[in-house]
Structure formats: C-alpha cells, structure tokens
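Working through the structure, step by step
Letter by letter, the chains look like this.
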Amino acid sequence: MPNSNHSKDAKDRYFMMLAIEQAKRGLYTTRPNPAVGCVIVQADEVVGQGFHPKAGQPHAEVFALKDAGTRAMGATAYVTLEPCSHTGRTPPCARALIVSGVKRVVIAGLDPNPQVAGRGVKLLEEAGIAVTVGVLTAQAEALNKGFLKAMRSQMPYVRLKIATSLDGRTAMASGESKWITGTAAREDVQRLRAQSGAIITGSETVIVDNPQLNVRSNQLGVAPEQVPPPKVVILDRRGRLKHDLQSDYQLCRRSDTLYWREEDLIELLKSLVRDHQCYDVLVEAGASVAGSFLQQQLVDELIVYQAPCLLGTQARPMVAINPLSLAQQLRFDIHCHEQLGADLKLTLYPLSTIF
C-alpha cells in the first residue's frame, strides 16, 4: 500500500520547487526586499502563480491569488518565505491568504524580519488554516542570503570577487588588467552586481582602472534599467577622491557614491544595512582591500574567476596577506566550480581562520 505521507511530501517538494522558480524571476529587481514566489494548487493542479517583482509592488501571494481567482477557495498555497503579517508599503499577505479561502499554506522558511518572525504563521493558524513549514528551506533561502543574514545579524552577506591568472595574479606590475578573463566570466560578474545592494572598491582600483561598477548586461532576463543600481562605496582613508562632476573618474561623478574614510570595515558593513538597506555586498577591489576583508573574516563567499594564463612573479597578487605559518593559512570549502568559456569559476566558502 503506498505511503500517503511520502506521496504528500513529494508533492509538497514539487510544488515548492515551482514556487522557487517563480521567486527567481524577481532575483535582480526586488532589492531591498527578498525574492519570493508563490503557487496556488487545487487538486494537484497549479491554478495560480506569482512572484514579487519590485519593492512597493504587491507581494508574490497577491499576484498568485489574483491569478487563481475563485479557484483559490479550498486550495493549497506554496510560498518560499513566510507571508508578511504587517502593513508596510503593501497590505499583509497573511490576511490576503485568509480572505481568499485557502485551506492550507506550505512555507519554505520563516521570515526572520522582526516585523514578521512567526506572526504570519500565527495569523494563518488562528484563522483555521493548516500550515506546514520547512519544505525545501535551503533551496529557498539560497535566493535571499543577504536579506536573511541582515535580518538575523544586522550584517550583510559579503561576496568577494577576484579575477586571476593560473599563478594567482590579477594585473601586470603596471596595473594593466583588461582583460585577464573572457567575456563569459565578465558577463557572470554582471549577475553578481545585479543581485548586490552595494559594491565596495578601493581608491587605488578607481585611480588605476577607472571602473563603472554598474549593471549593463542585456542577458539577465530583465532590462538593466529595471535593476536597482548598486550603491558604490570607495574605501579612501587617504582622502584621494571626492565627488566632482568634472572628475576624470566615473564613480566620482556619481553623486550617490559613498566615500569611506575610516579603517573600521565592520562599522561600514553595519551602516550599509542600517542606513542604506544594502543586504548583499560585492567587493571588487585590489589585493590590499581583498586581504583586509579576508583577514577580518568578513567574507561569506569568495568567487574566483581563473583564466588559463600565467602572468609571472612581477604581476600583482590576488590578495595581500602574510600568514607566518601553515597554521595561519586561509582555507576554503569549494562549494561549486564551473567552466565559463575558457575560464574556471570557483565559488568558495571560507573556513574560520585566526590570525
């Protein structure tokens, strides 16, 4: 005789995966809100689906319920994040689910936002709706690492991106670095920028490379102008740069560029969350800045694009660190690796290291 619970669990995972696919559609456009997806299922048939496209617009549940119409009555709703219970720029989604007449809600994970934090589930259960929490939680949370970390710790999720040669060099001694990696790797960096609330760089990188650090790709599935521009932060303790409409440096001509003159990187990261709602931070900088973030254990994810070339011992290193023994080495777990054109992309998670 078939195990009915096993069959139910399999169905829940299947429909939650569909909700996760919906959530991915808002990955580059929802900041600072999390990417959330929802599907409404009636008698094993999807009758409504939706995602949260942009802060200030209706949430995923509202779009899915509108899509389902009267077919939501008695249905099951699958949501990738706990429905909100408070009134912000939009009404609470938990109330919308209750009014729709759904009989069950399946949630991938609870929302750690103090304004929600279990209250959405409580509202649903008090209305007599059956609630299941914890279906494909890891897969759903992977879409919102920055939001979830910021809500839990008031610190952003920090990704450090480095493009390097086989011998760990990022530029020639002169500073020449365009281009070590190929177009596929550079296109992938556009995706990293598109999901980042802020991009941190160093004054030396600005002076040598004069980067734009913007999102300009037409291969994201959404137009570049639909992506909220990442806030640019220049680490400039020596005060070499400032806002100037006539500046030779593109970033200095932007009025919203933030210049950080202090040494305290932890306070910078906290302020990006507290004052600017930047929950995902991308570091694109030289060896000194990269080394500082790594040595202070502020990096959650290291992304290395490695080109099949050798630049030699006089070229610039990928990070400026100086461990005195193997016991002080920086070690990583390889989360995944893939080939992008001729280049190799490594995604690594740092292991705890004490300097």
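Just above, that's the structure.
No experiment lies behind these values; they were computed from the predicted model shown.

1. Considering the overall build of the protein
In terms of helices and strands, the protein carries 10 helices and 15 strands. Taking 355 residues into account, the globule formula puts the C-alpha radius of gyration at 20 Å, and the protein, at 23 Å, falls close to it. The principal-axis extents of the C-alpha atoms in the protein amount to approximately 70 × 50 × 40 Å. Taken over 355 residues, the protein has a buried fraction of 48%. If you sum the accessible surface of the protein, you get close to 17300 Å²; carbon and sulfur atoms cover 51% of it. Charge separation in the protein, taken as the distance between the mean sites of 39 positive and 35 negative side-chain charges, equals 2 Å.

2. Focus: helix H2 (residues 60–68)
Residues of H2 that are buried: Ala60, Glu61, Ala64, Leu65 and Ala68. Seen end-on, H2 carries its buried residues on one side only, within an arc spanning 125°. On its buried face, H2 sits against strand S1 (37–42), strand S2 (45–51), strand S3 (76–79) and helix H3 (93–100). Positive phi shows up at Gly69, right after H2, with a value of about 60°.

3. As for the nonpolar core
Judged by nonpolar contacts, the single largest core of 29 residues is most densely connected at Ile40, Leu97, Val102, Val105 and Leu124. Looking at this core, the elements that each hand over two or more residues are S1, H2, S3, H3, strand S4 (104–107), helix H4 (119–126) and helix H6 (145–153). Once residues lying within four places of it in the same chain are set aside, the contact partners of Val102 are Leu65, Ala72, Gly74, Ala75, Leu97 and Ile129. Counting 27 residues, the second largest nonpolar core, distinct from the first, contains Ala290, Val299, Leu302 and Val304.

4. Some remarks on the packing of H2 against H3
Orientation of H2 relative to H3, taken along the N-to-C sense of each, is 20°, at an axis distance of 9 Å. In terms of axis orientation, H2 runs roughly parallel to H3. Relative to H3, H2 is oriented so that their crossing is left-handed. For the pair formed by H2 and H3, the contact residues are Glu61, Val62 and Leu65 on the first element and Cys93, Ala96, Leu97 and Ser100 on the second.

5. What about the packing of aromatic side chains?
Counted under the stated rule, the structure contains three aromatic pairs. Ring plane angle 70° and centroid distance 5.1 Å describe the contact between Tyr14 and Phe15, whose orientation is recorded as edge-to-face. With a relative accessible area of 5%, Phe15 lands in the buried category. In textbook terms, an aromatic cluster arises when at least three aromatic residues are bridged by ring pairs, as seen for Tyr14, Phe15 and Tyr78. Above the face of the Trp179 ring, Arg186 is positioned so that its terminal group lies 4.4 Å from the ring centre.

6. So, the packing of H3 against H4
In the contact formed by H3 and H4, the axes pass within 9 Å of each other and the chain directions differ by 20°. The pairing of H3 with H4 is recorded here as roughly parallel in orientation. Once H3 is placed against H4, the crossing between them reads as right-handed. Mapping the contact onto sequence places Ala94, Arg95, Leu97 and Ile98 in H3 and Gly120, Leu123 and Leu124 in H4. Tallied by class, residues from the contact of H3 with H4 come to five nonpolar, one polar and one charged.

7. So, the sheet that holds strand S6 (residues 157–164)
Pairing is mixed across the open sheet formed by eight strands, whose spatial order is S10-S9-S8-S11-S6-S12-S15-S14. Two strands close off the open sheet at either side, each with one partner strand: strand S10 (258–260) and strand S14 (332–340). Recorded for the sheet is a direction-independent mean angle of 20° between the axes of neighbouring strands. Pairing of strand S12 (residues 301–306) with strand S15 (residues 343–350) involves five bridges; the strand directions are antiparallel.

8. Some points on the pattern of salt bridges
Across all of its chains, the model carries 18 salt bridges by this definition. Put simply, Arg193 and Glu284 hold a salt bridge, and the shortest N to O gap is 2.8 Å. Residue Arg193 is found in helix H7 (residues 183–194), and its partner Glu284 is found in the loop between strand S11 (280–283) and helix H10 (287–295); the two are separated by 91 residues along the sequence. Here the two residues Arg193 and Glu284 agree in accessibility, since each one is buried. Arg274 is the salt-bridge partner of Asp275, the closest N and O atoms lying 3.3 Å from each other. Given a relative accessible area of 49%, Asp275 falls into the partly exposed group. Taken together, the salt bridges that share partners define one network made up of Lys145, Arg159, Asp280 and Glu301.

Procedures and definitions
Throughout, residues of each chain are indexed from 1 in the direction in which the sequence is written. This being a predicted model, a pLDDT of at least 70 is required before a residue's local features are given, and a value of 80 or more before pairs of side-chain atoms are given or counted; all residues contribute to the totals for chains, interfaces and linings. No hydrogens and no water enter the side-chain calculation; it runs on all heavy atoms of the structure. In this description a helix means any DSSP run of H or I spanning at least four residues, a strand means any run of E spanning at least two, and both kinds are numbered starting from the N terminus. Our radius of gyration is a C-alpha quantity, and the globule rule it is checked against amounts to 2.2 Å times the number of residues to the power 0.38. Type-normalised accessible area, obtained with a 1.4 Å probe on protein chains alone, sets the label of each residue: buried when under 20%, exposed when over 50%, and partly exposed for intermediate values. Where accessible areas are quoted, they stem from the Shrake-Rupley method and a 1.4 Å probe; at the residue level, only the protein chains shown are allowed to cover. Asp and Glu are treated as the negative residues and Lys and Arg as the positive ones, with His and the ends of the chain left uncounted. We put the charge of a Lys on NZ, of an Arg on CZ, of an Asp on CG and of a Glu on CD. It is the directions from the helix axis to the C-beta atoms whose arc is reported. Contacts: residue pairs with any heavy atoms within 4.5 Å of one another. Only buried residues count toward a nonpolar core, which is a set of Ala, Val, Leu, Ile, Met, Phe, Trp, Tyr and Cys residues joined through side-chain atoms within 4.5 Å. Lines fitted to C-alpha atoms define the axes, with helix axes restricted to the stretch in contact, and inter-axis angles between N-to-C directions lie between 0 and 180 degrees. By definition in this entry, angles of less than 35 degrees are roughly parallel, angles greater than 145 are roughly antiparallel, angles of 65 to 115 are roughly perpendicular, and the rest are oblique. Left-handed is the label given to a crossing in which the near helix is rotated counterclockwise from the far helix by less than a right angle, and right-handed is the label when the rotation is clockwise. For Phe, Tyr and Trp, where Trp contributes only its six-membered ring, two rings pair if their centres lie within 6.5 Å, and the inter-plane angle classes them as stacked under 30 degrees, edge-to-face over 60, or tilted in between. For a lysine, the NZ atom is tested; for an arginine, the CZ atom; a charge sits over a ring if that atom is within 6 Å of the ring centre and within 35 degrees of the ring normal. In this classification, Asp, Glu, Lys and Arg are treated as charged, Ala, Val, Leu, Ile, Met, Phe, Trp, Tyr, Cys and Pro as nonpolar, and every other residue, Gly included, as polar. A pair of strands counts as paired when DSSP detects no fewer than two bridges linking them. Salt bridges are defined as contacts in which a side-chain nitrogen from Lys or Arg sits within 4 Å of a carboxyl oxygen from Asp or Glu.

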